[in-house]
Each structure stands twice: as structure tokens, then as C-alpha cells.
Amino acid sequence: VALKRMLNFNVPHVKNSTGEPVWKVLIYDRFGQDIISPLLSVKELRDMGITLHLLLHSDRDPIPDVPAVYFVMPTEENIDRMCQDLRNQLYESYYLNFISAISRSKLEDIANAALAASAVTQVAKVFDQYLNFITLEDDMFVLCNQNKELVSYRAINRPDITDTEMETVMDTIVDSLFCFFVTLGAVPIIRCSRGTAAEMVAVKLDKKLRENLRDARNSLFTGDTLGAGQFSFQRPLLVLVDRNIDLATPLHHTWTYQALVHDVLDFHLNRVNLEESSGVENSPAGARPKRKNKKSYDLTPVDKFWQKHKGSPFPEVAESVQQELESYRAQEDEVKRLKSIMGLEGEDEGAISMLSDNTAKLTSAVSSLPELLEKKRLIDLHTNVATAVLEHIKARKLDVYFEYEEKIMSKTTLDKSLLDIISDPDAGTPEDKMRLFLIYYISAQQAPSEADLEQYKKALTDAGCNLNPLQYIKQWKAFAKMASAPASYGNTTTKPMGLLSRVMNTGSQFVMEGVKNLVLKQQNLPVTRILDNLMEMKTNPETDDYRYFDPKMLRGNDSSVPRNKNPFQEAIVFVVGGGNYIEYQNLVDYIKGKQGKHILYGCSELFNATQFIKQV
């Protein structure tokens with residue numbers, strides 16, 4: 001909504017206004033591009049009157065009779081370039097929108113440039129948009145993508161980080177969170193664990209919100225904000241969690257569709273990039289192998305199949321794709337059948353009466369064609385994506401890993417030894433083995449003895465693993481042990497059910513034989529459990545000493561005692577140090593059972609296990 005308002009020259013966007021939209025140019029930097037692309041498609045931009053969208057630092061031709069909407073970060077180089085645009089008189093008028101707040105001195109730079117270029121009248125509006133965060137789902141956001149190494153897990157947990165560097169990291173995170181709440185139009189009540197990076201974020205965010213509320217003239221939280229209707233009667237709870245409370249989940253092999261896509265494919269800002277395997281059979285002997293085609297698909301909220309199944313276990317997804325395909329084929333056959341009837345020579349009575357019946361049918365069949373084509377596009381998309389995921393599952397025995405890790409995390413008895421899996425050359429990549437071992441190491445009540453550890457290390461090295469992450473986890477575990485007890489993962493069991501008969505059909509697109517059909521039982525991961533305690537106001541040693549901040553209170557007091565004893569209806573969970581789709585899915589499943597409650601999940605960056613292991 002905020003973006004559409006901005007593209008509409010900062011006037012709220014009216015759905016069915018008469019006439020054409022005002023045609024305009026959109027100019028953004030990489031930050032702006034990342035914020036807009038998951039939310040608005042090119043078609044939607046065109047409906048808003050955007051004929052051209054260009055990067056700020058590309059070579060742009062002057063279009064003197066068109067207004068331009070800028071959406072950029074207020075950095076030195078961006079501002080220099082905007083001043084240059086004013087001097088070159090590229091556009092008719094300029095609407096300058098900054099992703100996060102611009103400083104006074106930089107505003108003066110623009111004003112001076114406008115004066116020098118005598119373009120003051122053309123600068124129509126200058127706005128701080130406070131949109132410095134990326135929304136990936138209706139209930140999920142991440143902070144940034146361009147300079148994410150600034151706020152990465154490693155940046156926060158580097159042993160050699162200086163205080164000033166840490167301040168910069170924290171300020172970056174707080175700036176984005178502040179933007180998030182301005183856009184939401186609500187002042188949260190903040191809870192966080194003590195002695196972690198999350199606490200530093202909480203202190204700074206509390207201060208920043210407090211200062212803004214104090215300044216009555218310029219407060220961003222009064223009057224008609226966008227989200228006012230959404231959270232009108234009750235304030236949301238913001239739970240700030242540190243990644244270090246649970247390092248096992250980001251390493252975990254997963255079994256739900258969205259998290260699998262993120263784990264094994266190249267999935268980024270809601271777009272998945274696939275390499276299509278090209279057919280080798282039909283090329284003549286001695287010919288060069290064909291180049292692999294790269295295809296990218298957008299998995300967006302508009303995609304109904306994705307919305308419905310992104311949280312489902314993989315075998316269910318495969319079955320659903322198959323069903324969709326069959327229902328599509330039936331519809332297609334119906335259209336074909338009608339066509340053949342229409343070709344009848346209409347001499348005898350029977351055929352003519354059939355014709356009149358069928359005309360109505362044909363009309364409805366033709367009108368449903370666009371819908372059919374869209375359905376076909378989605379089926380093809382998910383067939384390709386699911387097949388790519390399935391290849392990984394089979395090649396790396398991911399079902400075995402998933403089941404085994406679930407058992408480790410829920411402290412169930414293990415049916416085969418960890419060493420066997422690590423030494424099995426057919427099971428998974430070296431990285432899969434490392435992830436499995438780290439989860440075992442993190443979840444173990446007692447660390448394995450030195451002798452055992454050496455044996456594991458040898459097996460891991462033989463399998464080609466890089467042992468650096470183990471070193472880090474070892475130190476982390478020693479440190480965490482002093483701080484608190486290890487996180488427990490609840491006792492869950494995955495029940496392998498007999499493979500679905502449908503998927504075993506020879507007619508199915510997916511050859512699932514040998515892949516276990518595991519069914520998930522809802523269990524709460526540590527992050528979900530912490531949220532549950534704080535949202536429902538339960539007393540629990542895990543969360544009882546979490547700090548409590550209320551930016552609306554006149555005097556900030558350092559207490560862990562909440563003033564409000566009622567359970568919350570809305571909560572935002574934010575993980576400092578990075579998050580993943582496994583946790584997101586876990587929260588979504590948790591809240592399904594709670595009537596009328598909403599949760600948003602946010603993280604400083606979104607990583608899969610491969611990216612996380614590299615940082616450790």
C-alpha cells in the first residue's frame with residue numbers, strides 16, 4: 001500500500017478512478033529495486049502509470065515532458081547523481097522519495113543544486129518513505145539484501161569486532177526496524193533476552209521510538225498512518241530473539257516445500273533460478289553438450305498453488321501437482337470434444353439439437369480459456385520446481401537426513417549409528433554430513449568424549465568435510481553452557497507412512513520410489529516457544545527474565561515485569577543474526593491454531609544452511 005501511494009505521487013491510490021493514470025518514470029537504486037520487485041510486478045507498475053523503470057546510475061535519456069518518481073537511499077553518490085539529473089533537466093518534474101530518512105545537510109545539497117540549475121519549481125515533493133525493509137510474504141520481512149554482509153550473523157558474532165563497528169551494525173538494524181513500525185503505524189511493546197545482540201537492538205529501538213514520540217510536531221505515529229486500521233485497538237508485541245539461542249534449526253534438513261526450495265535450489269527474493277537439464281540423447285555423436293538453460297520463476301502470493309502448499313510436506317506437494325495436472329487435462333479434453341462435435345455436418349435433427357446445447361457449453365469453455373492457460377502455466381512451473389527438488393532429495397538421501405535429525409533433536413532412540421551415515425559415500429554431500437554432525441553436537445546433552453570426537457572428525461575428513469564450523473560451534477557451545485541450558489526441541493516423532501499409492505502410479509510425473517513419505521507432527525521450535533510464552537503471558541524460566549520496554553511510557557524503567565497482563569493478539573518475531581523458512585513455517589503452523597491472532601516473522605537476513613555454514 002505504501003509503495004502504491006508513493007507511485008501515485010504520495011496520494012492514496014484509488015482503485016477504479018476514471019481515465020488513464022498519469023504516465024511517469026520510476027527511478028530507483030538497487031535498494032529500491034529489491035524492495036519493489038517482490039511486491040509489484042511489471043504489469044502492476046504499468047497499471048500504476050509507470051512506463052519506464054530505470055536504475056539511477058544507468059545512462060538515461062532526457063524525457064522532458066514526463067514526471068519522474070525517484071525511490072533511492074539517501075547516500076552521497078545517489079544525491080550527487082540526482083543533482084546531476086536536475087542540472088541536465090532530464091524530466092518535467094521530480095518527486096524525490098528516500099527509502100530511509102535523509103539528513104538535513106544532504107537536503108541542503110539538493111536544494112543548492114536545484115537553485116543552481118534553476119529547477120526549484122520542478123522539484124515537486126521530497127518525502128522520507130521509511131520503507132527500508134523488504135517484504136517477502138504478507139507475514140514475513142527481511143532487512144536488506146544489497147549490503148547484507150553488514151548485518152550478517154558473522155558481522156554480529158565476530159570475536160574481533162570493535163565497539164564502533166558493532167554500533168554501526170546495530171544502527172543499521174534499528175533503522176530498518178524503525179521504518180517497519182512507521183509503515184505498520186504502531187508502537188510495539190518490546191521484549192528481548194538479556195546479554196545478547198538482541199538486547200542492544202532493543203535498547204536502541206526503544207530510544208529511537210521514544211525520541212520520535214516525544215517530538216510531537218514531527219512524530220510519525222500520529223494521525224492517518226497506513227496501518228492504523230489494522231492494529232487499532234491493541235499494540236503489537238515485538239519479540240527480539242538472538243540467532244545464538246538456536247543454531248540447530250538453520251542447519252536442519254527440511255521437509256516442507258518452501259523451505260526445501262530455499263535449501264536446495266537458488267531461491268532469492270521470491271524468485272527461484274533453475275538450470276534446465278537439456279536433452280543429450282538427440283545430439284549427434286561428438287557434438288558439444290548443449291548449454292544449460294537458466295530459467296527463473298517467481299513464486300509469489302498471487303500463485304494460489306504456492307500459497308496453499310508452501311508449508312506442506314514434499315510428498316503431498318508432488319501428489320497435488322499430479323492432481324492439478326489431471327484436472328487440467330480433463331478440462332482440456334472437454335474443450336477438444338466440443339470442437340469435434342461442432343465440426344458435424346448439421347443435416348439431421350439430432351445434430352442440430354446437440355448444436356444448440358453445445359453452443360452454450362462452448363461459450364463457457366472459451367471464456368474459461370485464459371484461466372486454463374494460467375492454470376497450465378502454474379502446473380508447469382511447479383512440475384519443474386518440484387522435479388528439481390526431488391532430484392536433490394534422491395541424489396542426497398535428504399529424507400534420511402531429515403528423519404535422523406528430527407530424531408536427534410527430539411532425543412528419540414536412533415536406529416543406526418551416526419558414523420554409518422557419515423561414512424556412507426552415497427548419502428549426501430560433505431556439507432550434508434557436516435550439518436548432521438553439527439546438529440548432533442549441538443543437541444547432545446553431554447558432548448562426545450575426545451576419543452569419539454576424533455573418530456567422528458576422521459570420518460568427516462574422509463568424507464571431504466571442512467571442519468572449521470565445528471571449531472566455532474565448539475566454542476559457542478562452551479560459552480552457551482555457561483549462559484544457559486541447551487534449547488530443547490520438544491519430543492516429536494515423524495511417522496513414515498506407506499508411500500502414497502497415487503504417486504507410485506506409473507502415470508505420475510514424479511518417481512518417488514525409495515523416498516520416505518514422512519509426515520510432520522506440529523512441534524514448537526525454540527523461537528516459536530519463546531514467542532508463545534511472551535504472547536500468552538505464560539511464566540517460564542526460559543523467558544521470565546526477558547527485558548520489557550514500552551516506548552510510550554514517559555520514563556523508561558529497566559524491568560522484566562510487564563505492566564500489561566493480557567495476552568497479545570499481534571506479535572512480530574524478529575531474529576537478530578538471520579532467519580530461515582523452517583522457523584517461519586513453524587510460526588505459521590503455530591498461529592493457525594490460535595483464533596484471531598497474527599504473527600509477522602522478520603530477520604536481519606534470510607539464509608539457508610549452505611550460506612549459514614559458510615558464516616560459522
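Quick summary incoming for the structure in this document. Counting of residues starts from 1 at the beginning of each chain's written sequence and follows it residue by residue. Local features in a predicted model are, by the rule used here, given only for residues with pLDDT of at least 70; side-chain atom pairs are given and counted only at 80 or more, and totals for whole chains, interfaces and linings are based on all residues. Side-chain metrics rest on all non-hydrogen atoms present in the structure, leaving aside hydrogens and water.

Below, the discussion takes up the packing of aromatic side chains. Here a Phe, Tyr or Trp ring, Trp counted by its six-membered ring, pairs with any other such ring whose centre lies within 6.5 Å, and the pair is stacked when the planes are under 30 degrees apart, edge-to-face when over 60, and tilted otherwise. Scanning the entire structure with this criterion turns up 23 aromatic pairs. Taking the centre distance of 6.1 Å and the plane angle of 70° together, the rings of Tyr91 and Tyr94 count as edge-to-face. In this pair, the class of Tyr91 matches that of Tyr94, namely buried. An aromatic cluster is present here, built from Tyr257, Phe267, Trp306, Phe314, Tyr581, Tyr584 and Tyr601 joined pairwise through their rings. Stacked on the ring of Phe9, the Lys or Arg Lys24 has its end atom at 5.0 Å from the ring centre. When accessible area is computed with a 1.4 Å probe and restricted to protein chains, residues below 20% of their type maximum are described as buried, those above 50% as exposed, and intermediate ones as partly exposed. Consider the ring centre and the ring normal. A charge sits over the ring if Lys NZ or Arg CZ is within 6 Å of that centre and within 35 degrees of that normal.

Here strand 16 (residues 570–576) lies mainly inside the structure; seven of its seven residues are buried. When DSSP locates at least two bridges between a pair of strands, those strands are taken to pair. Under the DSSP-based scheme used, a helix requires at least four consecutive residues in state H or I and a strand at least two consecutive residues in state E, with every element numbered from the N terminus. For strand 9 (residues 237–242) and strand 16, the ladder comprises six bridges, and the chain directions are parallel. Note that in strand 16 the partner of Val239 across the bridge is Val573. When strand 16 meets strand 17 (residues 598–603), the two strands line up parallel, connected through six bridges. Within the sheet, the bridge partner assigned to Ala571 lies in strand 17 and is Ile599.

Spanning 14 residues, helix 16 (residues 430–443) covers 20 Å between terminal C-alpha atoms, matching the ideal 20 Å at 1.5 Å per step. Here helix 16 lies mainly inside the structure; eleven of its 14 residues are buried. Those residues of helix 16 that fall on the buried side of the exposure criterion are Asp432, Lys433, Met434, Arg435, Leu436, Phe437, Leu438, Ile439, Tyr441, Ile442 and Ser443. Every helix has an expected span of 1.5 Å times one less than the residues it contains.

This part covers unusual backbone geometry. A positive phi is found at Leu269, a non-glycine position, where the angle reads about 50°. A relative accessible area of 18% means that Leu269 is categorised as buried.

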